[in-house]
Amino acid sequence: IGNSKILNDIRKKIKLYASSLHPVSIFGESGVGKDLVARLIHQWSPFSLGIYEPINVSCIPQGLAESFFFGSVEGAFTDAKETKGVFERVNQGTLFLDEITTLDPVIQPKLLRVIEDFTVRPLGSGDSRTVRFKLVCASNIPIEHAVTEGKFREDLMYRIDYHRIEIPPLRKHLEDIPQIAAHTLKTQNKLLSAAALDKLNNYHWPGNVRQLIQCLSRASAETNDEIIYPEQIEF
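Residues numbered from 1 in each chain as written. Predicted model: local features only at pLDDT ≥ 70, side-chain atom pairs only at ≥ 80, totals over all residues. Heavy atoms only, no water.

(A) The side chain of Asp161, seen in detail. The topology assignment puts Asp161 in the loop between helix H7 (154-160) and strand S9 (163-166). In this structure the side chain of Asp161 is engaged in a polar contact, spanning 2.6 Å, whose partner is the side chain of Arg164. Those residues within four positions of Asp161 in sequence are excluded, and the remaining contacts are Ser25 and Phe27. (Helix = DSSP H or I, 4+ residues; strand = E, 2+ residues; numbered from the N terminus. Polar contact = N/O pair within 3.5 Å; in protein donor to acceptor, adjacent residues only side chain to side chain. Contact = heavy atoms within 4.5 Å.)

Spelled out as structure tokens, the structure:
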């Protein structure tokens, strides 16, 4: 939501990169809308009829990462059953890996192979299976920093960072706040007073668009008036 030059440039990149079969990397602070951009890439990609699966990489237990991504066959390990991994589940769809720099180092070279030859081999299986999907990765820190610190493979960085979209913080495009606010409050039949809008425009928004939406929703819920005034805006 918004008509700033920054957002218009991002929209152009989304449409251009969505049509490509190559991976897309999204960078930006927490709360800027990386998941929204990933969803738009899916909607405009050749894989739009497939599933969209967002995964926060940092939430995957380290010991289960390999079976989580690649699946397993019965008997591959204690109590193992025939399961499909994420790569097979998203076949002909889109896989969004958020916080990609936290990816288990054991999985990184295997992800590299999936990107290069489009095949996966479940745990305990001798057969490879072909998969094709749109890969979108995101991080709130520059991936180069993780490479420098030895936490992320440089060759994998070059594979997933084929196309790059950098989303600026809200403080860099404050001119979009009126439209974001109007869109957020429309369903609640509320409006902002001019003074309330000034208060929003003069704030630094460390939590970005996510914080703005929460702030507006809270102000709307706490007033019975149609108009939201500055004193009802709490950060």
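On we go from here.
(B) Region of the structure containing helix H10 (residues 208-221). Here H10 contains 14 residues, and its C-alpha end-to-end distance of 20 Å stays within 8% of the 20 Å for a straight helix at 1.5 Å per residue. Every buried residue of H10 is listed here: Asn208, Val209, Gln211, Leu212, Cys215, Leu216, Ala219 and Ser220. Viewed end-on, H10 has its buried residues packed into an arc of 165°, placing them on one side of the element. Contacts from the buried residues of H10 go to helix H8 (177-186), strand S10 (191-192), helix H9 (194-201) and strand S11 (227-228). (Expected span 1.5 Å × (residues − 1). Buried < 20%, exposed > 50% of the residue type's maximum accessible area, 1.4 Å probe, protein only. Arc of directions from axis to C-beta.)

(C) Representation of the side chain of His42 in the model. Relative to the elements of secondary structure, His42 occurs in helix H2 (residues 34-43). Polar side-chain contacts of His42 include one of 2.6 Å to the side chain of Thr94. Excluding residues that lie within four positions of it along the chain, His42 makes contacts with Phe47, Ser48, Gly50, Ile51, Tyr52 and Thr94.

(D) Local environment of the layout of surface pockets. Approximately 790 Å³ is the volume found for the largest pocket. Only helix H1 (5-18), H2, H8 and H10 provide two or more residues apiece to the lining of the largest pocket. Broken down by element, the residue count for the lining of the largest pocket peaks at five residues, all from H2. Of the residues contributing to the lining of the largest pocket, the split by class is 14 nonpolar, nine polar and six charged. (1 Å grid on protein atoms, 1.4 Å probe; cavity = no way out; pocket = protein on both sides within 12 Å on 5 of 7 lines; lining within 4 Å. Points joined across faces, edges and corners; volume = space filled by probe spheres on them. Nonpolar A, V, L, I, M, F, W, Y, C, P; charged D, E, K, R; others polar.)

(E) Spatial organisation of helix H5 (residues 108-117). Of the positions making up H5, those classed as buried are Gln108, Leu111, Leu112, Val114 and Ile115. The arc that holds every buried residue of H5, seen down its axis, measures 160°, which confines them to one face. Those residues of H5 that are buried lie in contact with helix H3 (65-70), helix H4 (86-89), strand S5 (94-98), strand S6 (119-120), strand S8 (134-139) and H7. Trailing H5 by a residue or two, Phe118 shows a phi angle of about 60°, which is positive.

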